[in-house]
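Chain by chain, the residues run as shown.
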Amino acid sequence: MLGILLVDKPIGITSHDVVNDIRRRFGTKRVGHAGTLDPLATGLLVVAVGPATRFLQYLPLEPKVYVAEIVFGHSTPTYDAEGELSEARPVPDDLRGAIDSGLVKFRGLIQQLPPMYSAVKVGGKPLYKYAREGKEQVREPRTVHIDQFEILRIEGNTAQARISCSGGTYIRSLANDLGEAIGTGAYLKGLIRTEVGRFQLSEATPLDHANPSLLISLREALPPMPLLQLDAIETANIREGRPIGRTEPPEGNLAALLDPNGNVFSVARIIGNLIQPECVIPSEVPYGAA
């Protein structure tokens, strides 16, 4: 059994909880996910089952798109609704105008500090453990790319925003930092992930409906990576880790390789006219629904 599953993660559980649930439902330990969602967040979680976990790194997983609910006038230490509210700060009458001015700093390539309440490790210890001990740690900024940060609507002190960004972006940090930039403070009240690369939330299944029949094959999940059909001899060579030659190799740096049955069994790097395997599924693995 192998393939990709698109899950609509419910609120209140971790991404790892989703993985554990899928392990139980599918009867396999080999389950992984691409891109953590906080318990407060809901929406699209891309999950790999069986040997497909090896191929998560090759899936088209960016940009990630979110709909965020941001409350202005307070901040929290966790940057979201799970933290204790700070004292109220004044919010301007023209909140949209203030937000529009502040958003200039939050588009394109930006430097972002991970929240203290996060799993990022410093000295081998997650930041959230330091935070719970009341210890502030020096954090290294990360470069992330914000393709889009637009306000959809504002009701009172709460704004709904659509954000398209690179992987590794902390949306709650964006909310907090925007609030500080306009002097009101802000925190993330709700978050829905609607897109991961070319995968859409509308294609996802609720966690309690997940079953093996919903697995997406690697052949379907890996494009726009090119697919290259191999014959039996070429397939055997690739399985043994040997490169093969092609007079007209696919364009790009990587290609998904198909065995004689049309199943993806490898991703290979294109080096001139050589096809060099990087990741290979063992021949004894049954494909089943995938």
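These numbers were taken from a predicted model, which means no experiment stands behind them.

(A) The nonpolar core, seen in detail. Counting 28 residues, the largest nonpolar core has Ile-70, Phe-72, Ile-99, Phe-149, Ile-163 and Ile-171 as the members making the most contacts within it. When contributions to this core are tallied by element, the ones reaching two or more residues are β4 (64–72), α2 (95–102), β8 (142–155), β9 (158–165), α4 (171–181) and β10 (186–196). Counting residues in hydrophobic clusters, the runner-up holds 27 residues, among them Ala-52, Phe-199, Leu-258 and Ile-281.

(B) Just the side chain of Ser-15, in detail. With respect to the helices and strands, the residue Ser-15 is situated in helix α1 (residues 15–26). Using a relative accessible area of 2% as the deciding quantity, one classes Ser-15 as buried. Among the polar contacts listed, one links the side chain of Ser-15 to the backbone nitrogen of Leu-37, at a separation of 2.8 Å. Once residues lying within four places of it in the same chain are set aside, the contact partners of Ser-15 are Lys-9, His-33, Gly-35, Thr-36, Leu-37 and Leu-45.

(C) Summary view of the layout of surface pockets. Looking at the largest pocket, its volume works out to about 840 Å³. Taken together, 32 residues form the lining of the largest pocket, with Thr-36, Leu-37, Asp-38, Tyr-170 and Arg-172 sitting closest to its centre. When residues of the lining of the largest pocket are traced back to their parent elements, those giving at least two are α1, β4, α3 (127–132), α4 and β10. At three residues, the largest contribution of residues to the lining of the largest pocket is made by β10. Looking at the lining of the largest pocket residue by residue, the classes come out as 14 nonpolar, ten polar and eight charged.

(D) Local environment of the pattern of salt bridges. Tallied over the full model, the rule gives eight salt bridges. Residues Glu-155 and Arg-153 are paired through a salt bridge, measuring 3.6 Å at the closest nitrogen-oxygen approach. Under the relative-accessibility criterion, Glu-155 is labelled exposed at 55%. Exposure remark for Arg-153: the relative accessible area of 43% places this residue in the partly exposed category. We note a salt bridge from Arg-162 to Glu-195, for which the minimum N-O separation is 3.4 Å. Taken together, the positions of Arg-162 in strand β9 and Glu-195 in strand β10 put the pair 33 residues apart, joining distant regions of the chain. In this structure Arg-162 comes out as partly exposed when scored by relative accessible area, which is 25%.

Rules used throughout
Residues numbered from 1 in each chain as written. Predicted model: local features only at pLDDT ≥ 70, side-chain atom pairs only at ≥ 80, totals over all residues. Heavy atoms only, no water. Core = buried A, V, L, I, M, F, W, Y, C linked by side-chain atoms within 4.5 Å. Buried < 20%, exposed > 50% of the residue type's maximum accessible area, 1.4 Å probe, protein only. Helix = DSSP H or I, 4+ residues; strand = E, 2+ residues; numbered from the N terminus. Polar contact = N/O pair within 3.5 Å; in protein donor to acceptor, adjacent residues only side chain to side chain. Contact = heavy atoms within 4.5 Å. 1 Å grid on protein atoms, 1.4 Å probe; cavity = no way out; pocket = protein on both sides within 12 Å on 5 of 7 lines; lining within 4 Å. Points joined across faces, edges and corners; volume = space filled by probe spheres on them. Nonpolar A, V, L, I, M, F, W, Y, C, P; charged D, E, K, R; others polar. Salt bridge = Lys/Arg side-chain N within 4 Å of Asp/Glu carboxyl O.

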